[in-house]
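Understanding the architecture of this molecule
Here is how the chains run, residue by residue.
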Amino acid sequence: MQIDQKKLNRILNMNDRHLEALIEQISRELGLTPQQLGLDPKDLSGIRAALGNASQADIDQLNQLFNQYKQVPPQKP
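Here, residues in each chain are numbered from 1, in the same order as that chain's written sequence. This being a predicted model, a pLDDT of at least 70 is required before a residue's local features are given, and a value of 80 or more before pairs of side-chain atoms are given or counted; all residues contribute to the totals for chains, interfaces and linings. The side-chain quantities take in all heavy atoms of the structure and omit both hydrogens and water.

1. A word on the overall build of the protein
This is how it is decided: Only DSSP runs of H or I with at least four residues qualify as helices, and only runs of E with at least two residues qualify as strands; both kinds are numbered from the N terminus onward. Note on classification: 1.4 Å probe, protein chains only; a residue is buried when its accessible area is under 20% of the maximum for its type, exposed when over 50%, partly exposed between these limits. In this description, accessible areas are obtained by the Shrake-Rupley approach with a 1.4 Å probe, and a residue is regarded as covered only by the protein chains that are shown.
Helix and strand counts for the protein come out as four helices and zero strands. Ordered by position from N to C terminus, the α and β elements of the protein give α-α-α-α. In the protein, which comprises 77 residues, the share counted as buried stands at 25%. Summed over its atoms, the accessible surface of the protein is roughly 5400 Å², and 52% of this surface lies on carbon and sulfur atoms.

2. Re the packing of helix α1 (residues 5–12) against helix α3 (residues 44–52)
Basically, it comes down to this: All axes are obtained by fitting lines to C-alpha atoms, using only the stretch in contact for helices, and the reported angles, taken between N-to-C directions, cover 0 to 180 degrees. Each angle receives one of four descriptions, namely roughly parallel if under 35 degrees, roughly antiparallel if over 145, roughly perpendicular if within 65 to 115, and oblique otherwise. For a crossing to be left-handed, the near helix must be turned anticlockwise from the far one by less than a right angle; the clockwise case is right-handed. Any two residues whose heavy atoms approach within 4.5 Å are treated as being in contact. Each residue gets one of three labels, nonpolar for Ala, Val, Leu, Ile, Met, Phe, Trp, Tyr, Cys and Pro, charged for Asp, Glu, Lys and Arg, and polar for the others, Gly among them.
For the pair α1 and α3, interaxial distance at closest approach is 10 Å and the crossing angle is 155°. Taken together, the axes of α1 and α3 lie roughly antiparallel to each other. Handedness of the α1/α3 crossing: left-handed. Contact residues: α1 offers Leu8, Ile11 and Leu12, while α3 offers Arg48, Leu51 and Gly52. When grouped by side-chain class, the residues that make up the contact of α1 with α3 number four nonpolar, one polar and one charged.

3. Let's talk about helix α2 (residues 16–30)
What counts is decided by this rule: Each helix should span, by expectation, one fewer than its residue count multiplied by 1.5 Å. Picture the helix axis, draw a direction to every C-beta atom, and the arc is the one those directions span. Whenever two N or O atoms come within 3.5 Å, that pair is a polar contact, provided that in protein one can donate a hydrogen and the other can accept it, and provided that, for residues adjacent in sequence, both atoms are side-chain atoms.
Between its first and last C-alpha, α2 extends 21 Å over 15 residues, near the 21 Å set by a 1.5 Å rise per residue. Buried residues of α2: Leu19, Leu22, Ile23, Ile26, Ser27 and Leu30, and no others. The buried residues of α2 occupy an angular sector of 130° when the element is viewed end-on, so they sit on one face. Facing away from the buried side of α2, by more than 90 degrees, are the exposed residues Arg17 and Arg28. Where α2 begins, one side-chain oxygen reaches toward the backbone nitrogen of Arg17, 3.1 Å away; that side chain belongs to Asn15. Among the residues trailing α2, Gly31 stands out with phi positive, at a value near 75°.

4. Side note on the confidence of the model for the protein
Formally: What pLDDT conveys is the predictor's confidence in a given residue, as a value from 0 to 100.
Looking at the protein as a whole, its pLDDT mean stands at 84, while 88% of the residues score no less than 70. Mean pLDDT in the protein bottoms out at helix α4 (residues 56–71), which sits at 83, and peaks at α1, which reaches 91.

Right, here's the structure in full:
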């Protein structure tokens, strides 16, 4: 998954239930728990605030980290 500003805006416009499900899905794909990613799916306001303030450099770093995690074999939580 690659994130760009358009996708980030779609994520920010998701309702809480869909955003929580997306966080869980991404975590599963990486073989991690949301907490291991530093996320609390129940604190959606904090996640929305962080994503809403993301710069292009932040988005690039997120994509880089996501790609690095995908290359590491999943570990059991």
